Amino acid sequence: AQSVAQPEDQVNVAEGNPLTVKCTYSVSGNPYLFWYVQYPNRGLQFLLKYITGDNLVKGSYGFEAEFNKSQTSFHLKKPSALVSDSALYFCAVSPNYGGSQGNLIFGKGTKLSVKP
Amino acid sequence: GAGVSQSPSNKVTEKGKDVELRCDPISGHTALYWYRQSLGQGLEFLIYFQGNSAPDKSGLPSDRFSAERTGGSVSTLTIQRTQQEDSAVYLCASSAGGGWSYGYTFGSGTRLTVV
């Protein structure tokens, strides 16, 4: 079965420190991977995606993610965390490939808390 | 509109009642998705509409759940005979024809509470 795992329910980071939010996946074929962020009482916002090409993907708000095929991981990173980065982060994978669309499979989410 | 609009933003209903949740996607977006977000459970796919094609209903948890999309635009998710386990935030998303390659735009959701 195709799935996404976010092993940490919560990540705590001090402002100014680097942050990592972990994501691993299990999918047949070549994966298409996404990160979304959800602020309180808001819908999910797209951060970045990996479709093909460079394994390091840069996205919104200074976030980046590295696709590692051998470790089946797509960890979200930021060099210097801000208090305003505190939110719920979701990793997602497309179960389809080869040009078709369809639903994304989401992880359970990781709550990021950045303290001043 | 500029974004995906969902209404109502909050709904409290009594167990056994029917509810309707509405989603107005971004104008011109051909794909529309419904997800359910339960505490600690992440996002659960419910149903997917693409243009005039038959919807992908594979995620609907029971026959109490149904959805329609009129005129390729507005969608309504209906839950009949609501149960307490239906309490969740119901999220709608739309995307341009490329689906995942363009990413989804999500609405702010409808928080459903069944008492």
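Scroll up a little and you will see the structure.
Numbers given to residues run from 1 along each chain, matching the order in which its sequence is written. Both sets of labels track the order of writing: A upward for chains, 1 upward for ligands. In view of the model being predicted, local features appear only for residues whose pLDDT reaches at least 70, and side-chain atom pairs are presented and counted only at 80 or more, with totals across whole chains, interfaces and linings using the full set of residues. Excluding hydrogens and water, the side-chain figures rest on all heavy atoms present in the structure.

**A closer look at the layout of surface pockets**
Item 1. Buried and open spaces are told apart on a 1 Å grid over the protein atoms alone, a cavity being a set of points where a 1.4 Å probe fits but cannot get out and a pocket being an open set with protein on both sides within 12 Å along at least five of seven lines. Residues with an atom within 4 Å of a point are the lining residues. Grid points are joined across faces, edges and corners, and a volume is the space filled by probe spheres set on the points. When its volume is computed, the largest pocket comes out at roughly 660 Å³.
Item 2. If you trace the largest pocket, you find 25 residues lining it, with Gln38 and Leu88 of chain A together with Gln37, Leu39 and Arg111 of chain B closest to the centre.
Item 3. Of all elements in the fold, only β10 (87-94) of chain A together with β4 (31-38) and β10 (110-114) of chain B reach the threshold of two or more residues within the lining of the largest pocket.
Item 4. Three classes are used, and their members are as follows: Ala, Val, Leu, Ile, Met, Phe, Trp, Tyr, Cys and Pro are nonpolar, Asp, Glu, Lys and Arg are charged, and the others, Gly among them, are polar. Residues of the lining of the largest pocket, tallied by class, amount to seven nonpolar, 13 polar and five charged. Here a strand is any run of E in DSSP of at least two residues, a helix any run of H or I of at least four, and the numbering for each starts at the N terminus.

**Overview of the pattern of salt bridges**
Any two side chains of opposite charge can pair, on the condition that their charged atoms come close.
Item 1. Salt bridge, as used here, is a side-chain nitrogen of Lys or Arg placed within 4 Å of a carboxyl oxygen of Asp or Glu. In total, this model carries five salt bridges over all chains according to the counting rule given.
Item 2. For Lys58 of chain A, the salt bridge goes to Glu64 of chain A, with nearest N and O atoms at 2.9 Å.
Item 3. Asp86 of chain B is the salt-bridge partner of Arg64 of chain B, the closest N and O atoms lying 2.8 Å from each other. Highlighted residues: Arg64 of chain B in the loop between β5 (42-50) and β6 (65-69) and Asp86 of chain B in the loop between β7 (75-79) and β8 (88-95), separated in sequence by 22 residues. An identical accessibility class is assigned to Arg64 of chain B and Asp86 of chain B; each is buried. Partly exposed describes any residue whose relative accessible area lies between the buried limit of under 20% and the exposed limit of over 50%, with all areas from a 1.4 Å probe on protein chains only and scaled to the type maximum.

**Focus: the pairing of β10 of chain A**
The two faces of a sheet get side chains in turn, since along a regular strand they alternate between them.
All names here are of chain A.
Item 1. For β10, a buried count of seven out of eight residues is recorded, marking the element as mostly surrounded by other parts of the structure.
Item 2. Relative to β10, strand β5 (residues 32-38) runs antiparallel, the two sharing seven bridges. Looking across to β10, one finds that Leu33 is bridged to Val93.
Item 3. Strands pair, by our definition, only if DSSP identifies at least two bridges between them. Bridge analysis of β10 against strand β12 (residues 110-115) gives three bridges, and the strand direction is antiparallel. For Tyr89, the partnering residue across the bridge sits in β12 and is Thr110.

**Focus on the nonpolar core**
Item 1. Of all hydrophobic cores here, the largest spans 28 residues; its most connected members are Trp35, Leu47, Leu48, Phe74, Leu76 and Tyr89 of chain A.
Item 2. Elements with a contribution of two residues or more to this core: β2 (10-14), β3 (19-21), β5, β6 (44-50), β8 (64-68), β9 (73-78), β10 and β12 of chain A.
Item 3. Broken down by element, the residue count for this core peaks at four residues, all from β10 of chain A.
Item 4. The contact rule is simple, with two residues in contact once any of their heavy atoms fall within 4.5 Å. When residues no more than four places from it in sequence are discounted, the contact partners of Leu48 of chain A are Leu33, Phe34, Trp35, Val57, Lys58, Gly59, Phe63, Glu64, Ala65, Phe74 and Leu76 of chain A.
Item 5. Nine residue types can take part in a nonpolar core, namely buried Ala, Val, Leu, Ile, Met, Phe, Trp, Tyr and Cys, and a core is a set of them joined through side-chain atoms within 4.5 Å. Core analysis: the next-biggest nonpolar cluster, separate from the first, contains 20 residues, Val19, Leu46, Leu77 and Tyr90 of chain B among them.

**As for the packing of aromatic side chains**
Item 1. Here a Phe, Tyr or Trp ring, Trp counted by its six-membered ring, pairs with any other such ring whose centre lies within 6.5 Å, and the pair is stacked when the planes are under 30 degrees apart, edge-to-face when over 60, and tilted otherwise. A complete count under the given rule lists 15 aromatic pairs over all chains for this structure.
Item 2. Taking the centre distance of 5.3 Å and the plane angle of 85 degrees together, the rings of Phe106 of chain A and Tyr35 of chain B count as edge-to-face. Here Phe106 of chain A is found in strand β11 (residues 105-106), whereas its partner Tyr35 of chain B is found in strand β4 on a different chain. For the residue pair Phe106 of chain A and Tyr35 of chain B, the accessibility class agrees, reading buried in each case.
Item 3. Residues Tyr104 of chain B and Phe106 of chain B carry aromatic rings whose centres are separated by 5.8 Å and whose planes lie at 45 degrees to one another, so their mutual orientation is tilted.
Item 4. You can call Tyr104 of chain B buried: its relative accessible area is 3%.

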